[in-house]
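Understanding the architecture of this molecule
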Amino acid sequence: MNTGVTKRIVIATDFSPYPAGRFIDDGEFNGTTFRIDYLAPALREFDRVEVVFDGVAGFGSSFLEEAFGGLIREEGIDLEDLNEKLILSTTEPDLKDDVQLTKKYMKLAAAARK
């Protein structure tokens, strides 16, 4: 583990400015691929992970739910651990609702797991 190090993932440049879909069959830049290839490994390796929403054309709810709710449902990460390690950020007013929606999806995934 990289103690004290924050990994920064900028979705628009590190993944795609057009993330869409839940499953791998939904296209190259889907929520499952983002979770498996970017989010989960970063959360395992680093103490903190900042995910920057800026620069993305928009998000589908299926992408956000699968990528972030899937951390709890599929990866088995506790919501409490995510709240300590995961930073969701944006400076773009149009994407602030997406950040809040993402937090809601994580809470719903945690509630369904209990």
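Our subject is the structure listed above.
Our subject in this report is the structure included herewith. Everything quoted here is computed from the prediction, not taken from an experiment.

Bringing the environment of Lys85 into the picture now. Relative to the assigned elements, Lys85 resides in helix H4 (residues 79–85). Lys85 gets classed as buried once you look at its relative accessible area, which sits at 19%. Between the alpha carbons of Lys85 and Met106 there is a distance of 13 Å; along the sequence they are 21 residues apart. Ignoring sequence-local partners within four residues, the contact set of Lys85 consists of Met1, Leu43, Phe46, Asp47, Arg48 and Val49. Side-chain polar atoms of Lys85 contact the backbone oxygen of Phe46, separated by 3.0 Å.

Here we come to the sheet that holds strand E2 (residues 46–52). Reading across from one edge, E1-E2-E3 is the order of the three strands in this open sheet, with parallel pairing throughout. Both outer strands of the open sheet, strand E1 (2–10) and strand E3 (86–89), are each paired with one neighbouring strand and no more. The mean angle between the axes of side-by-side strands here comes to 15 degrees, regardless of whether they run parallel or antiparallel. As paired strands, E2 and E3 are joined by four bridges and run parallel to one another. The residue of E3 that forms the bridge with Val49 is Leu86.

Under the 1.5 Å per step criterion, the end-to-end length of helix H5 (residues 96–113) is 26 Å for 18 residues, consistent within 8% with the ideal 26 Å. Buried within H5 are the following residues: Asp98, Val99, Thr102, Tyr105, Met106, Ala109 and Ala110. When H5 is viewed along its axis, its buried side chains cluster within an angular range of 130 degrees and face the same direction. Along H5, the residues that are exposed and aim more than 90 degrees away from the buried face are Asp97, Lys107, Ala111 and Ala112.

What the rule picks out here adds up to 10 salt bridges. Here Arg73 and Glu65 are joined by a salt bridge, their closest N and O atoms 2.7 Å apart. The buried category is assigned to Glu65, whose relative accessible area is 14%. Here Arg73 and Glu74 are joined by a salt bridge, their closest N and O atoms 3.5 Å apart. With a relative accessible area of 35%, Arg73 lands in the partly exposed category. Each of Arg22, Arg35, Arg44, Glu65, Glu66, Arg73, Glu74 and Glu75 takes part in one network of salt bridges that share partners.

The rules behind each value
- Throughout, residues of each chain are indexed from 1 in the direction in which the sequence is written.
- Given that the model is predicted, a residue must reach a pLDDT of at least 70 before its local features are reported, and side-chain atom pairs must reach 80 or more before they are shown or counted; all residues, however, enter totals for whole chains, interfaces and linings.
- Calculated side-chain values reflect all of the structure's heavy atoms, with hydrogen atoms and water omitted.
- Helix and strand labels come from DSSP, where a helix needs a run of H or I of at least four residues and a strand needs a run of E of at least two; each type is numbered from the N terminus.
- For the exposure calls, accessible area comes from a 1.4 Å probe over protein chains only, and a residue counts as buried if that area is under 20% of its type's maximum, exposed if over 50%, partly exposed in between.
- Contacts: residue pairs with any heavy atoms within 4.5 Å of one another.
- For the purposes of these results, a polar contact is taken to be a pair of N or O atoms within 3.5 Å, where, inside protein, one atom must be able to donate a hydrogen and its partner to accept one; residues adjacent in sequence count only when each atom of the pair is a side-chain atom.
- Strands are treated as partners if at least two bridges between them are detected by DSSP.
- Orientation is described by axes fitted as lines to C-alpha atoms, over the contacting stretch for helices, and by angles from 0 to 180 degrees between their N-to-C directions.
- The length a helix should cover is 1.5 Å for every residue beyond the first.
- Directions are taken from the helix axis to each C-beta atom, and the arc is the one they span.
- Only one rule defines a salt bridge in this text: a Lys or Arg side-chain nitrogen within 4 Å of an Asp or Glu carboxyl oxygen.

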